[in-house]
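Understanding the architecture of this molecule
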Amino acid sequence: MNEKKASNQMWGGRFASGPAAIMEAINASIGFDRKLYAQDIEASLAHSRMLAKQAIISAGDQERIAHGLNTILKEIQSGAFKFSAQLEDIHMNIEARLAELIGPAAGRLHTARSRNDQVAVDFRLWTKSELQRVAEVLKGLIGVFLDRAEEHAATVMPGFTHLQTAQPVTFGHHCMAYVEMFGRDLSRVRDAVDRLDESPLGAAALAGTGFPIDRHATAKALGFREPTRNSIDSVSDRDFALEFLAVASICGTHLSRLAEEIVIWSTPQFGFVKLSDSFSTGSSIMPQKKNPDAAELVRAKTGRLNGHLVALLTVMKGLPLAYSKDMQEDKEAVFDAAESLDLMLAAMTGMVGDMEIDAAAMKKAAGSGHSTATDLADWLVREAGLPFREAHHVTGRAVALAEEKRTTLAKLPLDELMAIHPGITRDIYSVLTIASSVRSRASYGGTAPAQVRRQVKAWRRRLAKS
């Protein structure tokens, strides 16, 4: 065996040319960071205009640079651009092509700039745009829930704790719980945009630059609120990526909880909802099956979001200031999380919007499990003057009696209820129906239909202003 063959075997069969091939494979990011091409060109255009305005480069060179960058943009958008792994990343691919197009003037573009602040500004621009888009999608999902809540403000269903029947609620009220959850997600998205809305362009490698650049001008040109204030932090910060993943993970958790409920509700045992064919699949062997695959996949993809967050947290936790190549691992996590979240939000918006509600099944289930027991206890406090703990005990005895007789609280004879406590009168039956129970929960934020409609109106006003 000759020396070259032995060397290749040591490095592994996939990398036939040895260490150089391995280094190229591990170092290159063009396979995924090409997604940043539009942001890279946008930032380079802003940087070149600022350099010309500050008389750091000539107006003629800036015009050539702008023409070249716009030509490259069109090439990439048309699919004509040839990406090269040997050029490592999107920044070097564009810079190399710019040199081919306009010659030596291309070399002036990188004045007062490093790939460190270049990638930081590109990635911030992309993440900001994605967050703003997620905000609009979340508003759409919230709007669908508001429509369903308004439609079913008085549709009764069982409310659960521990997945056991607890008290009657309305389906509209249940929908509004998700409005609150996704409303918080929307708030977190906007907070994340506010925090990342600073431009790192001009921080250069880590120490800033000796050229008389105008960082406020480039920040404004790129739509940032202001430039970052510390050049070291500017190139080493990936909080905005972590926060995107954290926001995605929390939102994914909410989507997953909803998906789990849809899976449960769509079973024959519950039968609360029926999913359309658009969001269901059949079985390859059981013709009667209609599987809630879209909901199950939403539930599963939350694991991807959580994994990406933990992965990037782990990458960042041991890095000294300022930039390290480890940070190249940030983009694949964010890009994949963004694609997953897009699918999850779209699927859930579609499912919630077109699923069929079986109000009769919900109403029947709402009366199970002695769900009006708390209403009996409240009546004893309000009308018979009992302390709540004593009323709770009396109600427990009534529930035990109903269980023994295999009936409901509303069907227990008055004399048997009076035997449990003499303060009980015939008026007790007025609070033991599902409808009366739901209507009585009229406290702010409660399940009473009037409260649900009030919250729907309030949320519609809030969304209209946002």
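Residues numbered from 1 in each chain as written. Predicted model: local features only at pLDDT ≥ 70, side-chain atom pairs only at ≥ 80, totals over all residues. Heavy atoms only, no water.

1. Notes on the nonpolar core
The biggest cluster of nonpolar side chains holds 98 residues, and the ones touching the most others in it are F145, F182, L255 and M348. Sort the elements by how many residues they give to this core and helix α11 (residues 239–265) lands first, with 14 residues. Setting aside its immediate chain neighbours within four residues, F145 contacts C175, Y178, V179, F182, L258 and V352. (Core = buried A, V, L, I, M, F, W, Y, C linked by side-chain atoms within 4.5 Å. Buried < 20%, exposed > 50% of the residue type's maximum accessible area, 1.4 Å probe, protein only. Helix = DSSP H or I, 4+ residues; strand = E, 2+ residues; numbered from the N terminus. Contact = heavy atoms within 4.5 Å.)

2. Comments concerning the confidence of the model for the protein chain
Mean pLDDT over the protein chain works out to 91, with 94% of the residues at or above the 70 mark. Across residues 1–12, confidence stays below pLDDT 50; counting only partners more than four residues off in sequence or on other chains, it has nine contacts. (pLDDT = per-residue confidence, 0-100.)

3. Quick look at the environment of R460
Summarising the element assignment, R460 is placed in helix α19 (residues 449–465). Under the relative-accessibility criterion, R460 is labelled partly exposed at 32%. Counting along the chain gives 229 residues from R460 to S231, while the straight-line C-alpha distance between them is 43 Å. Once residues lying within four places of it in the same chain are set aside, the contact partners of R460 are L146, D147 and E150.

4. Focus: unusual backbone geometry
Here the amide bond leading from L321 into A322 is cis, since omega sits at 15°, within 30 degrees of zero. If you trace the backbone, A322 turns up in the loop between α12 (293–316) and α13 (330–354). Notably, A204 is not glycine yet its phi reads approximately 60°, a positive angle. The residue A204 is located in the loop between β3 (198–199) and α9 (215–221) in this model. Residue class for A204 comes out buried when judged on its relative accessible area of 8%. You will see that R406, though not glycine, has its phi angle at about 55°, which is positive. Among the structural elements, R406 can be located in the loop between α16 (388–405) and α17 (414–420).

5. Some thoughts on the packing of aromatic side chains
For the coordinates displayed, the defined rule picks out 10 aromatic pairs. Measuring from centroid to centroid gives 4.8 Å for W126 and F335, while their planes differ by 65°, and the two rings are edge-to-face. With a gap of 209 residues between them, W126 in helix α7 (residues 115–151) and F335 in helix α13 connect regions that are remote in the sequence. The residues W126 and F335 share a single accessibility class, namely buried. In this structure, K331 is placed above the aromatic ring of F123, and the distance from its NZ or CZ to the ring centre is 5.4 Å. The ring of W459 carries the charged tip of R462 above its face, separated from the ring centre by 4.0 Å. (Phe/Tyr/Trp six-rings, centres within 6.5 Å; stacked < 30°, edge-to-face > 60°. Lys NZ or Arg CZ within 6 Å of the ring centre and 35° of its normal.)

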